[in-house]
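Observations on chain architecture
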Amino acid sequence: MIECRNITYTWPGNREKALDDISFVIEDGTCAVFEGPNGCGKSTLFRILLGLSFPDQGTYLLDGETITQEKLKHEDFSRAFHQKIGFIFQNSEVQLFCDSVENEIAFGLYQLHLPQEEITNRVKKALGEFHLEDLRQRAPFNLSGGEQKRTAMAAVFAMEPKVIVIDEPLSGLDEDGQAFVRSFLRAKRDAGTTLIVATHNRELADDLANVRIRMDRTHRITDIRKV
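Residues numbered from 1 in each chain as written. Predicted model: local features only at pLDDT ≥ 70, side-chain atom pairs only at ≥ 80, totals over all residues. Heavy atoms only, no water.

1. Describing the sheet that holds strand 10 (residues 221-226)
Here we have six strands laid out as an open sheet, ordered 6-7-8-3-9-10, and mixed in their pairing. The open sheet terminates on both sides in strands that have one partner only, identified here as strand 6 (85-88) and strand 10. With direction set aside, neighbouring strand axes in the sheet form an average angle of 15°. Where strand 6 and strand 7 (residues 163-167) come together, four bridges link them in parallel fashion. Note that in strand 7 the partner of isoleucine 85 across the bridge is valine 163. Seen against the sheet, helix 1 (residues 42-49) touches strand 3 (31-35), strand 6, strand 7, strand 8 (194-198) and strand 9 (211-215) and runs at an angle of roughly 150° to strand 8. Relative to strand 6, helix 6 (residues 145-157) is tilted by about 175°, and along the sheet it contacts strand 6 and strand 7. (Pairing = 2+ DSSP bridges. Helix = DSSP H or I, 4+ residues; strand = E, 2+ residues; numbered from the N terminus. Axes fitted to C-alpha atoms, helices over the stretch in contact; angles between N-to-C directions. Contact = heavy atoms within 4.5 Å.)

2. Description of the state of the cysteines
The final tally for this structure, using the stated rule, is zero disulfides. Unpaired in this structure, cysteine 4 has its nearest cysteine sulfur neighbour in cysteine 40, at a distance of 14 Å. Its sulfur unpaired, cysteine 31 is 16 Å from the next cysteine sulfur, which belongs to cysteine 4. (Disulfide = S-S within 2.5 Å.)

3. Topic: the sheet that holds strand 2 (residues 19-26)
Strand order in this open sheet of four strands is 2-1-4-5, and the pairing throughout is antiparallel. The open sheet is flanked by strand 2 and strand 5 (65-66), the only strands paired with a single partner. Of the strand pairs in this sheet, strand 1 (residues 2-9) and strand 4 (residues 57-62) are connected by five bridges, and their pairing is antiparallel. Bridging across to strand 4, glutamate 3 finds its partner in leucine 61.

4. Comments concerning the packing of helix 4 (residues 101-111) against helix 5 (residues 116-129)
The interhelical angle for the contact between helix 4 and helix 5, taken along N-to-C directions, is 135°, at an axis separation of 9 Å. Our classification of the angle between helix 4 and helix 5 gives oblique. Our pair here, helix 4 against helix 5, has a crossing hand that is right-handed. Within the contact between the two elements, helix 4 uses Val101, Glu102, Ile105, Ala106, Leu109 and Tyr110 and helix 5 uses Gln116, Ile119, Arg122, Val123, Ala126 and Leu127. Taken together, the residues of the contact of helix 4 with helix 5 break down into nine nonpolar, one polar and two charged. (Parallel < 35°, antiparallel > 145°, perpendicular 65-115°, else oblique. Left-handed = near helix turned anticlockwise from the far one by under 90°. Nonpolar A, V, L, I, M, F, W, Y, C, P; charged D, E, K, R; others polar.)

5. Overview of helix 1
Counting buried positions along helix 1 yields six of eight residues, so the element is predominantly enclosed. Listed as buried for helix 1 are Lys42, Thr44, Leu45, Phe46, Ile48 and Leu49. Phi for glycine 51, located one or two positions after helix 1, is positive at around 75°. (Buried < 20%, exposed > 50% of the residue type's maximum accessible area, 1.4 Å probe, protein only.)

6. With respect to the packing of helix 4 against helix 6
It is at 7 Å that the axes of helix 4 and helix 6 come closest, and there the two elements cross at 30°. By the angle between their axes, helix 4 is roughly parallel relative to helix 6. Every pair of crossing elements has a handedness; the one defined by helix 4 and helix 6 is right-handed. Counting all contacts with helix 4, which are made through Val101, Glu104 and Ile105, the residues of helix 6 involved are Thr151, Ala154 and Ala155. Within the contact of helix 4 with helix 6, the residues separate by chemical class into four nonpolar, one polar and one charged.

Laid out in C-alpha cells, this is it:
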C-alpha cells in the first residue's frame, strides 16, 4: 500500500537532514507503528506521506502510484489521493474549523463530491460510531479534548480512506478516552484498514502493531520488525 525508497529531506534554510535515506514498505491492511525520540523525523515523514512536503531525493508510492508535487497540482489526482489517505493530528483542535460537529464530519465528504444521500448516511453512521449524537450541533472548539479527538477521528474515518495516518492517538485523553481509541483502532485494523501510527506509548504499540519501525536522532530508520 505504501512504499518509500531512499527518501531524503532537508527543511529549507537548514543544513541537517530531517530524513536520511528512509526506505520501507507497508502492506495493505497492516498497522505500522513508528517509534523513536522527539525530533527523529516522524512528523516530517508523515508530512511527505500526506503530500504536504516532498522529498529532495527518493520516491514515495501510494497504492502503486508515485506521488509528486506536480501530480498533486491536478484536481482529479489530488482528490483521488486525499480519498485514499487521511490524517489525524496529535492536537485534534488544529484540524477542526466548522461550526458544528455534524458539519465537521460532512465537510470532507462534500469535498469528495459524494451524493447527498451518501453524505447523510455516512455522517449518521460516524455520529453513532463515535458516540457524538448528543454533540452534533455543538461547535467543536467548545468541546473537551476527548470530544475533539472523537470528532476529528469521525471526520476522517467517514471518508473511508484506505490508509489512516495518526500522530500520537492517545495524547491528551483520559483513561476512558484512551480505551475507546485503542479499541476502535484495533477494530479498524482487524477490518483491513491500513494504519500508520506514531506513538511513544509502548502498550499501544504492543496492542496494535503488525510492523514496528524505529527511527533515531540520525533521522534514519534503525530497525524494522514484524510482530
